[in-house]
Amino acid sequence: MHAGVYFQSMSTSDEKTQEMILHGIQVSPGVAHGPAFVMTPMELEVPDYKVTDDQVDYEVYRFEQALMLTRQQITQLQEEVRMKLSEEEALIFDAHLLVLEDKALIGETLSLLKQKHFNVESCFQKVAQKYIDFFSNLEDPYLKERVSDIRDVTRRILRNMSGVNDSSFENLKVPSVLVAADITPSDAAQINLDLVKAIVLEHGGTTGHAVIVARSMGIPAIVDVTRATQRIHPGETVLVDGYSGTMVLHPSKDTLFQYDQIQLHKDSIRQMFLADSDGNNVTLDGVPFILQANIENSDDLGRVREASAEGIGLFRSEALYLRSDDMPNEEEQFAEYKAVLEGMDGKEVTIRTLDLGGDKVFPKAMRQKQTHEDNPFMGFRAIRFCLKHKDIFKVQLRALLRASAYGNLKILYPMISGVSELRQANEVLEEVKAELAQNGIPFDPKVRTGAMIEIPSAAYVARDLGKYCDFFSIGTNDLTQYLMAVDRVNEEVAHLYRSSHPSVMRTIKQIVVAAKEAGVTVSLCGEMAGSPTYAALLLGMGLRELSISSFNLPEIRYILRRLETSEMETLANAALECPETVEVDSILDTFKRDAIDPILDVAINGIGA
Ligand code: PEP
Ligand code: MG
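(A) Fine view of the coordination of the magnesium ion (ligand 2). Only Glu 454 (OE) and Asp 478 (OD) from the protein coordinate the magnesium ion (ligand 2), and they sit 2.1 Å from it. Of this pair, Glu 454 sits in the loop between β14 (448–453) and α16 (456–460) while Asp 478 sits in helix α18 (residues 476–484); the two residues are 24 residues apart in sequence, bridging distant segments of the chain. One exposure class covers both Glu 454 and Asp 478, and it is buried.

(B) Structural view of empty space enclosed by the protein. All chains considered together, the criterion is met by 6 cavities of 30 Å³ or more. Within this model, the largest cavity holds a volume of roughly 90 Å³. Considering the residues around the largest cavity, the lining is formed by 15 residues, among which Arg 316, Arg 352, Glu 454, Asn 477 and Arg 488 are closest to the centre. Listing elements by their share of the lining of the largest cavity, those giving two or more residues are β11 (311–316) and α18. Ranked by residues supplied to the lining of the largest cavity, first place goes to α18 with 3 residues.

(C) The arrangement of the pairing of strand β9 (residues 246–249) in detail. In β9, alternate side chains face the same way, and those of Thr 246 and Val 248 on one face and Met 247 and Leu 249 on the other are all buried. Relative to β9, strand β2 (residues 20–23) runs antiparallel, the two sharing 4 bridges. Opposite Leu 22, over in β9, you have Met 247 as the bridge partner. The sheet contact formed by strand β8 (residues 237–241) and β9 spans 4 bridges and is antiparallel. Paired with Leu 239 across the two strands is Val 248, which belongs to β9. Count of turn residues in the β8/β9 antiparallel hairpin: 4 residues, of which Gly 245 carries a positive phi of about 85°.

(D) The arrangement of the pattern of salt bridges in detail. If you walk through the whole model with that rule in mind, you get 31 salt bridges. A salt bridge links Arg 448 to Glu 348, with the nearest nitrogen and oxygen atoms 3.4 Å apart. Remark: Glu 348 occurs in strand β12 (residues 348–352) and Arg 448 occurs in strand β14; sequence separation between them is 100 residues. Among the residues examined, Arg 448 registers a relative accessible area of 27% and is labelled partly exposed. Two residues, Asp 478 and Arg 381, come together in a salt bridge whose shortest N-O distance is 3.3 Å. Of this pair, Asp 478 sits in helix α18 while Arg 381 sits in the loop between β12 and α13 (382–388), placing them 97 residues apart in sequence. On the accessibility criterion, Arg 381 (2% relative accessible area) is buried.

(E) Representation of the packing of helix α20 (residues 532–540) against helix α22 (residues 565–577) within the structure. As a packed pair, α20 and α22 sit with axes 7 Å apart at the nearest point and diverge in direction by 90°. Judged by the inter-axis angle, α20 sits roughly perpendicular to α22. In this structure, α20 uses Thr 533, Ala 536, Leu 537, Leu 539 and Gly 540 to contact α22, whose residues at the interface are Met 568, Glu 569, Leu 571, Ala 572 and Ala 575. Considered class by class, the residues forming the contact of α20 with α22 number 7 nonpolar, 2 polar and 1 charged.

(F) Here's a closer look at the environment of Lys 338. If you trace the backbone, Lys 338 turns up in helix α12 (residues 330–343). Take Lys 338: its relative accessible area is 23%, and that puts it in the partly exposed class. The spatial distance from the C-alpha of Lys 338 to the C-alpha of Ser 404 is 7.6 Å, given a sequence separation of 66 residues. Discounting chain neighbours no more than four positions away, the residues touching Lys 338 are Ala 403 and Tyr 406.

About the thresholds
- Residues numbered from 1 in each chain as written.
- Chains lettered and ligands numbered in written order.
- Predicted model: local features only at pLDDT ≥ 70, side-chain atom pairs only at ≥ 80, totals over all residues.
- Heavy atoms only, no water.
- Donors = N, O, S within 2.8 Å, 3.2 Å for Na, K, Ca; no water.
- Helix = DSSP H or I, 4+ residues; strand = E, 2+ residues; numbered from the N terminus.
- Buried < 20%, exposed > 50% of the residue type's maximum accessible area, 1.4 Å probe, protein only.
- 1 Å grid on protein atoms, 1.4 Å probe; cavity = no way out; pocket = protein on both sides within 12 Å on 5 of 7 lines; lining within 4 Å.
- Points joined across faces, edges and corners; volume = space filled by probe spheres on them.
- Pairing = 2+ DSSP bridges.
- Salt bridge = Lys/Arg side-chain N within 4 Å of Asp/Glu carboxyl O.
- Axes fitted to C-alpha atoms, helices over the stretch in contact; angles between N-to-C directions.
- Parallel < 35°, antiparallel > 145°, perpendicular 65-115°, else oblique.
- Contact = heavy atoms within 4.5 Å.
- Nonpolar A, V, L, I, M, F, W, Y, C, P; charged D, E, K, R; others polar.

Here's what the structure looks like:
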């Protein structure tokens, strides 16, 4: 796949209406068009609090770290622009780097911190604002230009220090194509996605949270579109082709017509996939398999039912926490979990306990519990946070247990790295059960618990973990990043993030074997399972349960019902033998061409394409 940008001149001479094609990477299929809603940064809400004498050194350290990180980000951006655009455009960032070295700005911030003892971001903001005001009032156009440099760098530094949200998505009022530099998980949880027809991002990997959400809702999305927020202006018509990873700015009537035809065709294929559901999910040779859905909240239930999912395999409960600045209380959580359990009518609902951290920034009310981390994906997240803040964990467990009286609940712990964490989590659950029992509050005493297997250490001790839980859920999004030491949302290393790496293949197989030995059930809920070829591979490895987005589910079911277990096993065995990613890819490509495409061809011919 090629990422980059080029302009295609069309016959019209009017620049503003000239069709322009921008290239990115396709991450969520589909075609959609509409007016652009360009997410631009707003004023930041910077925390302002007193620090004690002995915290001053730590504040200086935080400031230095933020400056260093900002320098790395700007240099990286400069390099990208130099490669993709021109040396001249890259030079703009020299001015930004100069701001970072500005002795007055930095020196005054540190003196203010030492004199007044306020947190460093608040001191820095005050000093930066003073300079912004000063330069804004000057006549000299060159010096005036510096205002935007200082503003830009200030925002970047503040964002790096506070993790504060500074986006303008609240202004999204009409169905639009969302264009943004990136979308944080908390943005994704707060944006009214019903108004989002498609997404175009400058950054964001293929398993970033926003991308997962887009895919699960069937919203076409492309990422890695260079300088999209500057090239696309609010209100301009944008057409996004999530199949090829391209987008057309100012599409002509002809182009819109052509794409509408493609979409109509895809829609009728989807209808056929949806109709292919008789409650009997078995492969061609009669082996049963279960397809469940991944959801973010109870609003997703309509799509889950439409797809005839056999349950919820992963409810990412953190979306509840990301939706607002406050922490959801027990009643709010209970209402949400109960709604999902009742909505699923006795089918299994697997709710994962809080998985904040990593790319999921804590909501404001919990932020004081989160310290700055250089390596958040390896840091204080998920179960690690919950076991330290048992008060927060217990509120969620109480809500979950109370809801368990209304359906078929399974509780899933994220980021388990070994037996002791799993046992501790279970102990807290038992404490909460005892409290509820004492107060005569009903719950399902046999509620099943499970561990996400997404850290290599957990994969190695999976057999032992199986003694302390009822099921495993393999999280290949994280498992891949930790096995390969590749940050899943860093586009610089996106080419190294390969779920087809032999280590990923063999680790999945090892977990499936361990689950069998331990006598627990195992499902896989990473994005990998949403691809037909991978789904076949996973069944070939012995998995019988997959949890995927409702959007992908009907197609996966259609295909798996038309494949023989033996051909999937042959595929898996061949993939497990490969020493290199390219070889696994080549085996998967061949299987797609020889076994999956013919099934799709028959389907497409059947609807008269
Ligand atoms: C995973 O890691 O594979 C997973 C399903 O969880 P998340 O994407 O929320 O980390
Ligand atoms: Mg995960």
